[in-house]
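Fold and contact review
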Amino acid sequence: MGTLERLKDFHFHLKEQGYGGRNVFEREIGVSEGYLSHMKRKGVNSDVLERVAELFPQLNIHWLLTGEGEMLNSDKSSE
């Protein structure tokens with residue numbers, strides 16, 4: 001599974017939490033409508049990754065890039 005697939009998984013997680021649909025997510029991260037559906041072979045560019053990291057601090061960027069670890073950062077304040 002590549003970065004794009006993990007980004008789609010993260011969006012699915014957000015959607016389950018009540019966040020808007022794919023078009024809302026694409027608009028928020030600054031990509032064109034259909035980006036998640038049509039970017040099959042191309043990688044996610046660094047500008048998109050930066051926006052995702054800024055907008056969604058709960059997302060574990062290491063997981064997004066490598067698939068290692070958990071999707072979400074642990075909540076240190078609850079430990």
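Report follows, based on the coordinates. (Residues numbered from 1 in each chain as written. Predicted model: local features only at pLDDT ≥ 70, side-chain atom pairs only at ≥ 80, totals over all residues. Heavy atoms only, no water.)

Assigned secondary structure in the protein chain consists of 5 helices and 0 strands. For the protein chain, the N- to C-terminal ordering of α and β elements is α-α-α-α-α. Rg of the C-alpha trace for the protein chain: 12 Å, near the compact-globule value of 12 Å for 79 residues, within the 12% margin. Considering only C-alpha atoms, the protein chain reaches an extent of 40 × 25 × 20 Å along its principal axes. Of the roughly 5300 Å² of accessible surface on the protein chain, 48% is carried by carbon and sulfur atoms. For the protein chain, the centre of its 10 positive side-chain charges and the centre of its 13 negative side-chain charges are spaced 9 Å apart. (Helix = DSSP H or I, 4+ residues; strand = E, 2+ residues; numbered from the N terminus. Rg over C-alpha atoms; globule rule 2.2 N^0.38 Å. Areas by Shrake-Rupley, 256 points an atom, 1.4 Å probe, with all protein chains shown as cover. Lys, Arg positive; Asp, Glu negative; His and termini not counted. Charge placed at Lys NZ, Arg CZ, Asp CG, Glu CD.)

Relative to the assigned elements, Phe10 resides in helix H1 (residues 3-16). For the pair Phe10 and Val52, spaced 42 residues apart in sequence, the C-alpha to C-alpha distance is 10 Å.

The next point concerns the environment of Leu64. By the secondary structure assignment, Leu64 is in helix H5 (residues 61-66). In this structure the C-alpha to C-alpha distance between Leu64 and Glu33, which are 31 residues apart in sequence, comes to 21 Å.

This part is about H1. The first and last C-alpha atoms of H1 sit 20 Å apart over 14 residues, in line with the 20 Å expected at 1.5 Å per residue. Burial in H1 covers these residues: Thr3, Leu4, Arg6, Leu7, Phe10, His11, His13 and Leu14. Taken from the residues just after H1, Gly18 is the one with a positive phi, measuring 100°. (Expected span 1.5 Å × (residues − 1). Buried < 20%, exposed > 50% of the residue type's maximum accessible area, 1.4 Å probe, protein only.)

Moving on, we get to the packing of aromatic side chains. Scanning all chains against the criterion turns up 5 aromatic pairs. With a centroid separation of 5.4 Å and 75° between ring planes, the pair formed by Phe10 and Phe56 is classed as edge-to-face. One end of the pair, Phe10, is in helix H1; the other, Phe56, is in the loop between helix H4 (46-55) and H5, and 46 residues separate them in sequence. Judged on exposure class, the residue Phe10 and its partner Phe56 are both buried. Relative to Phe25, the ring of Tyr19 lies with its centre 6.3 Å away and its plane at 85°, an arrangement referred to as edge-to-face. Judged by its relative accessible area of 23%, Tyr19 falls in the partly exposed class. (Phe/Tyr/Trp six-rings, centres within 6.5 Å; stacked < 30°, edge-to-face > 60°.)

Fair warning: the whole summary comes from geometry, so function is off the table for now.
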